[in-house]
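Each chain, letter by letter, is given below.
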Amino acid sequence: DRLEDAPMIAREPTASAYRAQLSQQHEVRALLLSRYGANHPAVRAVQTQIRLTEARVDDAERHTVALLQQEYLSALQQEQQLAGELEARVAEADVLQRSLQARAARAEAVAADRQEYDRLVRRDRELQAYERLQTSDAHVVAPARPVGTPGDIARQRALLSFGLAA
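What you see is a predicted model; the values in this text were computed from it and never measured.

### Examining the nonpolar core
Thinking step 1. L22, L32, V43, V46 and I50 form the largest nonpolar core, which has 5 residues in total.
Thinking step 2. Among the elements of the structure, α2 (13-35) and α3 (41-132) are those that each provide at least two residues to this core.
Thinking step 3. Look past the residues within four positions of L32 in its chain and what remains in contact with it is A42, V43 and V46.

### Some words on α2
Thinking step 1. Given a rise of 1.5 Å per residue, 23 residues ought to cover 33 Å, and the 34 Å separating the end C-alpha atoms of α2 matches this to within 8%.
Thinking step 2. Buried within α2 are the following residues: A15, R19, L22, Q25 and L32.

### Some points on the side chain of Q25
Thinking step 1. With respect to the element layout, Q25 can be found in helix α2.
Thinking step 2. Separated by 2.9 Å, the side chains of Q25 and T53 make a polar contact.
Thinking step 3. Apart from residues lying up to four places away in sequence, Q25 is in contact with V46, Q49, I50 and T53.

### Some thoughts on the pattern of salt bridges
Opposite charge on two side chains permits pairing when their charged atoms draw close.
Thinking step 1. Across all of its chains, the model carries 5 salt bridges by this definition.
Thinking step 2. Close ionic contact of R19 with E61 constitutes a salt bridge, the shortest N to O distance being 2.8 Å. Placement of the pair is R19 in helix α2 and E61 in helix α3, with a sequence separation of 42 residues. The pair R19 / E61 is uniform in exposure class, with both members buried.
Thinking step 3. Of the charged contacts, one joins E126 and R123 as a salt bridge, the two residues approaching to 3.1 Å between their closest N and O atoms. With E126 and R123 both in helix α3, this residue pair falls 3 residues apart, about one helical turn.
Thinking step 4. For E126, a relative accessible area of 40% corresponds to the partly exposed category.

What counts, and where the lines are drawn
- Residues numbered from 1 in each chain as written.
- Predicted model: local features only at pLDDT ≥ 70, side-chain atom pairs only at ≥ 80, totals over all residues.
- Heavy atoms only, no water.
- Core = buried A, V, L, I, M, F, W, Y, C linked by side-chain atoms within 4.5 Å.
- Buried < 20%, exposed > 50% of the residue type's maximum accessible area, 1.4 Å probe, protein only.
- Helix = DSSP H or I, 4+ residues; strand = E, 2+ residues; numbered from the N terminus.
- Contact = heavy atoms within 4.5 Å.
- Expected span 1.5 Å × (residues − 1).
- Polar contact = N/O pair within 3.5 Å; in protein donor to acceptor, adjacent residues only side chain to side chain.
- Salt bridge = Lys/Arg side-chain N within 4 Å of Asp/Glu carboxyl O.

Quick look at the structure:
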């Protein structure tokens, strides 16, 4: 593969101009060779110009290759830097995710604790209400009469039905 076939090298303006000049010099040399011999001073002068132009093309192509290598290395370095930053961001996101999960678990525990606290407060209020009931000075208004046998109950009902109950 020839270097000038590479797209970045072919589009480089300085090397392209030298290649165009080289092409013209080859045409002039061919014309001069058709009229004169290879040892003619005009042919030799054009041959010298061709060698100089070829050297200029090589220099321009080497310069372009060096620039491309520099750009590539810079891009590679930037890619590595970005990959490192991405890795750091992924690690940071993992930490944040675990933190959010821990917060959610704590929030659930707090909600459960709050429900238990509310239940205990309600029970405490009930117990305080029972304590406030005064039972120390309570007295029996009328003693309850013991219920007798089933026959006594039937007799009391019969008396009540006639209005004779005491």
